Amino acid sequence: MSVLPANEPVVNPRAPFYRRLPVISHFQKSVGLQRGMLVAGLVLTALFLLTACFAPLLAPYGYAQLSDADGNFPTQEAPGGKHLLGTTVGGYDVFSRVVWGAQTALFVIVVAVLMSIVIGVVLGLVSGYIGGWLDRILVVIADAVYAFPSLLVAIVMAIVISGGQSSLIGGVFAAGTAITLVFIPQYFRVIRAETVRLKAEPFVESAKVVGASNIRIMTRHIYKNATRTLPLIFTLNASEAILTLAGLGFLGFGIEPSSAAEWGFDLNKALADTTSGIWWTGLFPGLAIVLTVVGLTLVGESINDLNDPRLRGRKAAGTTGGPDSSAAGQAAISADVRGF
């Protein structure tokens, strides 16, 4: 692949809006193995999202269904026939439980990560821009909260909210609240650091001179520039949210099977099957967790690499093998400077 000339921006600022969106713009800048990782992550993530959104259409049975017109489902039946991935010791259809479990995981991501973003961004903007005693207090609180493991907090919240036996709403709220409390400091730290840097920029000083209020400066001038790294943090936290939910279910503090499907709970019930040679009850929920987390992580790591112009230029240069490979790094850095 040829190297971009130094005077050509990586992403055209006049390009259509959809081509300037985070993932699409990163795809256009990716090359070689870097693009392969991003595509693989996007495919796995899209598969997870489509499965969660269309679970009622994809699942042949309900998540708690134990019988149909032909009678009760057999227990621990091997994959095949009416039950594509077999059945569990409780008589649940494994394929249906895996499909419905994607929907539960998506609910937790939406509740936990979006709440963390909203609260963390607001606190980071206020703390970084105002500074003073408020900034010091918020930084100390964020460091203290960040010290607690997310799974431990989730267990405590599950016990406090629902006694450890959760309905769909209670389980999602318990896991979502716990994950929110732990993830807020991550968004707070990133946004605060960017706000502290940006408030000294000339365009902020110019806004103050013309009489713009602090709220307008934070929302109109600082917010857009300080939140460029949010897509990366979002993807990484989304995968951690799924692992926390699965950990809750595996330890017995998750969602009851009669209320919703949850991959961690199914893994917990499959432990006793492994000694009997019944592999399908634990394999497929485990694969669902692994593939979803790998997909989200690949997207996040690819975005992280592409956000670094030096790393992006180095990888682009490696695909050319030409003597002018150092120009790729300079081109990427120059393009990022002009885009800022």
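Because the structure is predicted, anything quoted here is derived from the model rather than measured.

S.K.: Describe the overall build of the protein chain, listing the residues and the values that go with them.
M.R.: A tally of regular secondary structure across the protein chain gives 14 helices and two strands. The buried share of the protein chain, taken over its 340 residues, is 43%. A separation threshold of at least 6 residues defines the contact pool for the protein chain, and within that pool the share at least 24 residues apart is 72%. Total accessible area computed for the protein chain in this model is approximately 16800 Å², and 67% of it derives from carbon and sulfur atoms.

S.K.: Describe helix 9 (residues 214-226), with residues and values.
M.R.: With 13 residues, helix 9 extends just 15 Å between its outermost C-alpha atoms, more than 12% less than the 18 Å of an ideal straight helix rising 1.5 Å per residue. Along its length, helix 9 reaches its greatest deviation from straightness, about 25°, at Arg220. Within helix 9, the full set of buried residues consists of Ile217, Met218, Ile222, Asn225 and Ala226.

S.K.: I'd like to hear about the packing of helix 4 (residues 94-130) against helix 5 (residues 132-146), residue by residue, with values.
M.R.: Two numbers describe how helix 4 lies on helix 5: the axes approach to 7 Å, and their chain directions differ by 135°. The angle between helix 4 and helix 5 places the two elements in the oblique class. As helix 4 runs across helix 5, the sense of the crossing is left-handed. Facing helix 4, whose interface residues are Leu123, Val126, Ser127, Gly128 and Ile130, helix 5 presents Gly132, Leu134, Asp135 and Leu138. Tallied by class, the residues present in the contact of helix 4 with helix 5 amount to five nonpolar, three polar and one charged.

S.K.: Give a detailed account of the packing of aromatic side chains, specifying residues and quantitative values.
M.R.: For the structure shown, the criterion picks out five aromatic pairs. Ring centres 5.7 Å apart and planes at 80° place the aromatic pair Tyr63 and Trp100 in the edge-to-face group. Of this pair, Tyr63 sits in the loop between helix 3 (55-58) and strand 1 (67-68) while Trp100 sits in helix 4, and the two are 37 residues apart along the sequence. Here Tyr63 falls in the partly exposed class, since its relative accessible area comes to 27%. Its relative accessible area of 15% is what places Trp100 among the buried residues. An aromatic cluster is present here, built from Trp279, Trp280 and Phe284 joined pairwise through their rings.

S.K.: How would you sum up the packing of helix 4 against helix 11 (residues 263-274)? Please name residues and give values.
M.R.: In helix packing, the relevant descriptors are the interaxial angle and the interaxial distance, both defined with respect to the helix axes. Running from N to C, helix 4 and helix 11 cross one another at 135°; their axes reach a closest spacing of 9 Å. On the basis of the axis angle, helix 4 is oblique to helix 11. The residues of helix 11 that touch helix 4, namely those facing Arg97, Val98, Gly101, Ala102 and Ala105, are Trp263, Phe265 and Asp266. Here the contact of helix 4 with helix 11 is composed, by residue class, of five nonpolar, one polar and two charged.

S.K.: A description of the environment of Phe95 should follow, citing residues and the corresponding values.
M.R.: As for its placement among the helices and strands, Phe95 is situated in helix 4. Separated by 10 residues in sequence, Phe95 and Leu85 place their C-alpha atoms 5.3 Å apart. Dropping the residues within four chain positions of it, Phe95 is found in contact with Leu58, Pro60, Leu84 and Leu85.

S.K.: Could you give me a rundown of a nonpolar patch on the surface, with the residues and numbers involved?
M.R.: Taken together, the side chains of Met115, Val118, Ile119, Val122 and Leu123 make up a nonpolar region of the molecular surface, amounting to roughly 380 Å² of accessible area. With relative accessibility at 31%, the residue Leu123 sits in the partly exposed group.

S.K.: Break down the nonpolar core for me, citing the residues and quoting the values.
M.R.: Counting 56 residues, the largest nonpolar core has Phe48, Ile109, Tyr187, Ile217, Ile222, Ile242 and Trp263 as its most contacted members. Where this core is concerned, the elements lending two or more residues are helix 2 (32-53), helix 4, helix 6 (150-162), helix 7 (168-198), helix 8 (202-209), helix 9, helix 10 (230-250) and helix 12 (280-307). No other element matches helix 4, which puts 13 residues into this core. Within the second largest apolar cluster, five residues are counted, among which are Ala55, Ala59, Val99 and Trp100.

S.K.: Describe the side chain of Ser127, naming the residues involved and giving the relevant values.
M.R.: The topology assignment puts Ser127 in helix 4. Polar side-chain contacts of Ser127 include one of 2.3 Å to the side chain of Asp135. Setting aside its immediate chain neighbours within four residues, Ser127 contacts Asp135, Leu138, Phe188 and Arg192.

Rules behind the numbers
- Residues numbered from 1 in each chain as written.
- Predicted model: local features only at pLDDT ≥ 70, side-chain atom pairs only at ≥ 80, totals over all residues.
- Heavy atoms only, no water.
- Helix = DSSP H or I, 4+ residues; strand = E, 2+ residues; numbered from the N terminus.
- Buried < 20%, exposed > 50% of the residue type's maximum accessible area, 1.4 Å probe, protein only.
- Contact = heavy atoms within 4.5 Å.
- Areas by Shrake-Rupley, 256 points an atom, 1.4 Å probe, with all protein chains shown as cover.
- Expected span 1.5 Å × (residues − 1).
- Bend = angle between axes of the 7 residues up to and from the residue.
- Axes fitted to C-alpha atoms, helices over the stretch in contact; angles between N-to-C directions.
- Parallel < 35°, antiparallel > 145°, perpendicular 65-115°, else oblique.
- Left-handed = near helix turned anticlockwise from the far one by under 90°.
- Nonpolar A, V, L, I, M, F, W, Y, C, P; charged D, E, K, R; others polar.
- Phe/Tyr/Trp six-rings, centres within 6.5 Å; stacked < 30°, edge-to-face > 60°.
- Patch = residues over 30% accessible without salt bridge, like charges linked within 9 Å, V, L, I, M, F, W, Y side chains within 5 Å.
- Salt bridge = Lys/Arg side-chain N within 4 Å of Asp/Glu carboxyl O.
- Core = buried A, V, L, I, M, F, W, Y, C linked by side-chain atoms within 4.5 Å.
- Polar contact = N/O pair within 3.5 Å; in protein donor to acceptor, adjacent residues only side chain to side chain.

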